[in-house]
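Fold and contact review
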Amino acid sequence: MLFSSISFLYYFLPILLFCYFIVHNKYKNIVLLIFSLLFYFYGEQIHIWILLLSIIMNYLFGIWLEKSNHKKKILAFSIISNVGILMYFKYINFFITNINTIFHTNIGLLKVIMPIGISFFTFQTLSYVIDVYKGEVKANHHFFDFATYVCLFPQLVAGPIVRYKDIAQELKERKHSISNFSLGISRFIIGLAKKVLIANVIGELSSILLGISNDSILGYWVIAISYTLQIYFDFSGYSDMAIGLGNMFGFHFLENFNYPLWASSITDFWRRWHISLSSWFRDYIYIPLGGNRVSTIKWIRNIFIVWLLTGFWHGAAWNFIIWGLFFALLLLLEKKIWGNFLKKHKIVGHIYTILLVLISFVIFSVNSLNEGIIFMKHLFGFTHLPLLTSEVIYYIRSYGVLLIISMIASTPLLPNIIKILKQKKGIKSMINGLEIIYYVILLLLVTSFLIDSSFNPFLYFRF
Amino acid sequence: MKDKIIIILFLIIIYGFFLLNIVIKDNDLSIEERRHLKEFPSISMNSILNGDFMDEFEDYTLDQFPFRNMFRSIKANSEYKIFHKLDNNNIFIENNKIFKIEYPLNEKNVIRFTEKVDYIIDNYLDGMNIYYAIIPDKNYYLENDKYLKMDYNKLYEIIKDKLSNLEYIELRDLLSLDSYYDTDTHWKQEELIEVASRLEKEMVGIVSNHEYQEKKYEPFYGVYYGQAALGGKGEVLTYFTNDTISNAYVENISSSFHKIYKLEELGGMDSYNMFLSGSTPIIRIENKNQNNERELFIFRDSFASSLTPLLLEQYSNITLIDLRYISASKLNDVVDFKKGDVLFLYSTMIINQSVMLKD
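Each value, and the rule that gives it
- Residues numbered from 1 in each chain as written.
- Chains lettered and ligands numbered in written order.
- Predicted model: local features only at pLDDT ≥ 70, side-chain atom pairs only at ≥ 80, totals over all residues.
- Heavy atoms only, no water.
- Pairing = 2+ DSSP bridges.
- Helix = DSSP H or I, 4+ residues; strand = E, 2+ residues; numbered from the N terminus.
- Axes fitted to C-alpha atoms, helices over the stretch in contact; angles between N-to-C directions.
- Contact = heavy atoms within 4.5 Å.
- Patch = residues over 30% accessible without salt bridge, like charges linked within 9 Å, V, L, I, M, F, W, Y side chains within 5 Å.
- Areas by Shrake-Rupley, 256 points an atom, 1.4 Å probe, with all protein chains shown as cover.
- Salt bridge = Lys/Arg side-chain N within 4 Å of Asp/Glu carboxyl O.
- Lys, Arg positive; Asp, Glu negative; His and termini not counted.
- Charge placed at Lys NZ, Arg CZ, Asp CG, Glu CD.
- Parallel < 35°, antiparallel > 145°, perpendicular 65-115°, else oblique.
- Nonpolar A, V, L, I, M, F, W, Y, C, P; charged D, E, K, R; others polar.
- Buried < 20%, exposed > 50% of the residue type's maximum accessible area, 1.4 Å probe, protein only.
- Domains from an automatic or database assignment.
- Buried area = accessible area lost by both parts, 1.4 Å probe.
- Polar contact = N/O pair within 3.5 Å; in protein donor to acceptor, adjacent residues only side chain to side chain.
- Phe/Tyr/Trp six-rings, centres within 6.5 Å; stacked < 30°, edge-to-face > 60°.
- Lys NZ or Arg CZ within 6 Å of the ring centre and 35° of its normal.
- pLDDT = per-residue confidence, 0-100.

**So, the sheet that holds strand β13 (residues 341-347) of chain B**
All names here are of chain B. Taken in spatial order, the seven strands of this open sheet run β6-β5-β13-β11-β12-β10-β9, and their pairing is mixed. Edge positions in the sheet fall to β6 (167-169) and β9 (249-252), since each of these pairs with one other strand and no more. When the angles between neighbouring strand axes are averaged without regard to direction, this sheet yields 20°. With five bridges connecting them, strand β11 (residues 295-300) and strand β12 (residues 317-321) associate as parallel partners. Pairing of F297 across the sheet is with T319, part of β12. Helix α5 (residues 107-124) rests against β5 (129-135), β11 and β13 of the sheet, and its axis sits at about 165° to β13. Of the strands in this sheet, β5 and β6 are in contact with helix α6 (residues 152-162), which crosses β5 at around 170°.

Laid out in structure tokens, this is it:
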């Protein structure tokens, strides 16, 4: 089920809210668990067994890790089991294809369907067993509470990656307040609007431009910009919805995005983009490998390992690996060569970052390496395409306002203006009133866009 | 206070529509969108386990949402007025007329169309008088270059080149934007007298006096009206009648209705279907007032439905063949091609999407 669907907004959510708030506190987790499983089953049906297996497995690993004297062996076994499941369902055919290519073998591909959200819940359960192993958190002995954590529907299928230690206390006991619930509603609606009103429509633009017959250089730049904005608003919109829903049910998930397209370097970009994933890799891969407190050679190795895995996490294809390594190289160069220059020249830094991020999302979005190379050639005018065509002009005019709105919305400009205005007494109450109207209009607009459109899955579901 | 108001309004909206979804009776069809709406899917263990139920339920929730048309209208208005998009779902408005983007020109389809015409001539039309005319869609007459338009010159060029052995009858100079309905793709019958006269002149050599009684129906909502979802006034559908039209006997391969105008269609899903009962593979019209045994065969699309009654005067029989609904290879089974005139009369839209025409 998608958050941005009529079935979620006007069937699932009202029934869940009713059931959740009518039961006593001690049954709230059970209600959330049942509805989360229904939410997952609605989209994945029979493949729910993989999620159930992951819950049972990691619940037992947690308890064994706490009690056993062979913690290392159990940890190794649990990591192998979790990663093994992920490898099989997400990567097996990638490996088979590459083995066939390299060794000229003819191993048949397996009919494996990747369960939605497997990368997210696997990383959550891995963080749980590792934290239990390190003694940073106690194992959860309440099976239903643990199961609620793993399959909590707001973040189950597209993140953010919520670590057990961050919500362990709230799983046991959490407060529900009017202010938190209201905050959740507004955050949820903003996320919904980002997804439905911006990401989906901009995605439409890139699809149209990719499909037109009269290619042009400017057209490819618009596609690259559209890809970047679409991925940002799609994913950050989903994170907003997850955080907002979490608030409505008394949870506080950590932020996942902080205006990444406003970053002034690639290092800064990755402090702001998919924060839960980059911090996961930092804490569970980079630091255990020695981080930067090792020799330069090992440090470079660590950087490349982390970014190779980051790329690979996003998809079982070479373009994702190259996408990750592209960032590894840029981060190294910033650290060693031009990082300080970028710190001193913010405007250059913004332009530099946006340009490289655009290129990175082209690598991210293409279906094959070859397609990526051709795209780059078009982008930089190596294929004798005209600068622009009447078709591209039409679509730029048609989607221009939305592109400008989305570019502004990807910066902290408006929130900062509102923050400043709110400090003035008379204006604050007016803004509060306008905010209420704004949320109602957004919700109704989203509903109208959903009704007029067909089914539209989130981009990040494939991860 | 602000928090409480946000919560109350949110709950009113989601519970309000939740309850309305349950209480309001489902609609079978949407006249505005000219289609049947999804019904609540049947539930079975199988359909739940393989996900069919969920997929169908998603469609159902979209189709049966309360005030669906109002929401579609909100979406369309916001696209035009907030986001300043030039089109919404390929529909655009210019001077209160609704258009659909017909773009780009598909040269392969245009060539395929000419090949289809050649095939029919080679197989069925030996010794007959063959003509062709192309009906420009209304985007052809758009004066500004703001919107995407197919390359009409190229389309005409290709066809004239490929069908150079046939008699071509030019229609473009006889039409203008006002010849088409504001809310529909089709031309207006009351604007077609000059078209009918030229076709008669070229094919028969005689021009009828075209005296008719005018009948009107309103409000007529064309096919684009529902797609545009902007509401607004309907327009007038005018149809001509006289003795010849009233007395004509229509034999429709897929209907037992025998009149030229099927008035029951007015106000239905597509009021334009009142002309010769809408889509059908073969129609044969017998003119009871004419015994010159002159016969006309028209290979056509829906534009011909409103034009044909105006061509009736000079022919004893007119047969209309719509290759979208019958294979070209099976025509011998249902049509008796004997001596007579043949007119290939197709709109640019169908020519550009000629894959619709069956082999």
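From this point, the discussion proceeds with the structure in view.
**As for a positive patch on the surface**
Taken together, the side chains of R271, K335, K336, K343 and K346 of chain A present a region of like positive charge at the surface. Sort the elements by how many residues they give to the positive patch and helix α14 (residues 318-344) of chain A lands first, with three residues.

**Points about the packing of helix α10 (residues 217-248) of chain A against helix α15 (residues 346-365) of chain A**
Helix-helix packing is described using two parameters, namely the angle between the two axes and the distance between the axes. Residue and element names in this part refer to chain A. Relative orientation of the contacting elements α10 and α15 amounts to 85°, with a least axis distance of 9 Å. When the axes of α10 and α15 are compared, the pair comes out roughly perpendicular. Counted together, W221, A224, I225, Y227, T228 and I231 of α10 and L355, V357, L358, F361, V362, F364 and S365 of α15 form the full contact between these two elements. Its residues assigned to classes, the contact of α10 with α15 comprises eleven nonpolar, two polar and no charged.

**Brief notes about the pairing of β9 of chain B**
Residues and elements named next belong to chain B. Of the two faces of β9, the one holding V250 and N252 is buried and the one holding Y249 and E251 is not buried anywhere. Bridging between β9 and strand β10 (residues 282-286) involves four bridges; their strand directions are antiparallel. Its bridge partner being in β10, N252 is matched across the sheet by I283.

**Examining the domain arrangement of chain B**
Residues and elements named next belong to chain B. Split into domains, chain B comes out as domain 1 (1-66) and domain 2 (99-356). Placing a centre on the C-alpha atoms of domain 1 and another on those of domain 2 gives a separation of 40 Å. Taken together, the contacts link seven residues of domain 1 with seven residues of domain 2. Summing both partners gives a buried area of about 570 Å² for domain 1 against domain 2, and 65% of it is carried by carbon and sulfur. If you look at where domain 1 meets domain 2, you find zero salt bridges. There are zero residue pairs in polar contact (both at pLDDT 80 or more) connecting domain 1 and domain 2. Taken together, the elements giving at least two residues each to the side of domain 1 that touches domain 2 come down to β1 (29-30) and β2 (35-36). A breakdown of the residues in the side of domain 1 that touches domain 2 according to their chemical character gives two nonpolar, two polar and three charged.

**Description of the interface of chain A and chain B**
With 53 residues of chain A in contact, the opposing surface of chain B contributes 47 residues. Where chain A abuts chain B, roughly 4600 Å² becomes buried across the two surfaces, and 73% of that area is made up of carbon and sulfur atoms. The largest contributions to the chain A side of the interface with chain B come from Y11, Y394 and I451 of chain A, which together make up 15% of the buried area. As a salt-bridge pair, D452 of chain A and R72 of chain B come within 3.2 Å of each other at their nearest N and O atoms. Linking chain A with chain B are 16 residue pairs in polar contact (both at pLDDT 80 or more). Looking at the side of chain A that touches chain B residue by residue, the class counts come to 34 nonpolar, 13 polar and six charged.

**Focus on the domain arrangement of chain A**
All names here are of chain A. You can read the domains of chain A as domain 1 (6-174) and domain 2 (180-462). Computed from C-alpha coordinates alone, the two centres of domain 1 and domain 2 are separated by 26 Å. Opposite the 43 residues of domain 1 that make contact, domain 2 presents 40 residues. Taken together, the two surfaces of domain 1 and domain 2 that pack against each other cover about 3500 Å², and 73% of this comes from carbon and sulfur.

**Details of the packing of aromatic side chains**
All names here are of chain A. Applying the stated rule across the entire model yields 99 aromatic pairs over all chains. Arranged with centres 6.1 Å apart and planes meeting at 45°, the rings of F8 and F188 form a pair that is tilted. Highlighted residues: F8 in helix α1 (residues 6-22) and F188 in helix α9 (residues 178-211), separated in sequence by 180 residues. Owing to a relative accessible area of 0%, F8 belongs among the buried residues under this scheme. Cation over ring: K28 sits above Y20, and NZ or CZ is 4.8 Å from the ring centre.

**Concerning the confidence of the model for chain A**
Residues of chain A with pLDDT of at least 70 account for 98%, and the chain-wide mean is 92. Here residues 455-463 of chain A is a poorly scored stretch, pLDDT under 50, and it has 48 contacts once near neighbours within four places are set aside; other chains count.

**Here we look at the side chain of T348 of chain B**
Positionally, T348 of chain B belongs in helix α12 (residues 348-352). The residues contacting T348 of chain B, other than those within four sequence positions of it, are I134, I135, P136, D137, M150, Y152, L155 and Y156 of chain B.

**A closer look at the environment of F269 of chain A**
Inspection of the secondary structure assignment puts F269 of chain A in helix α11 (residues 266-272). Along the backbone, F269 of chain A and D283 of chain A are 14 residues apart, and their C-alpha atoms lie at a distance of 18 Å.

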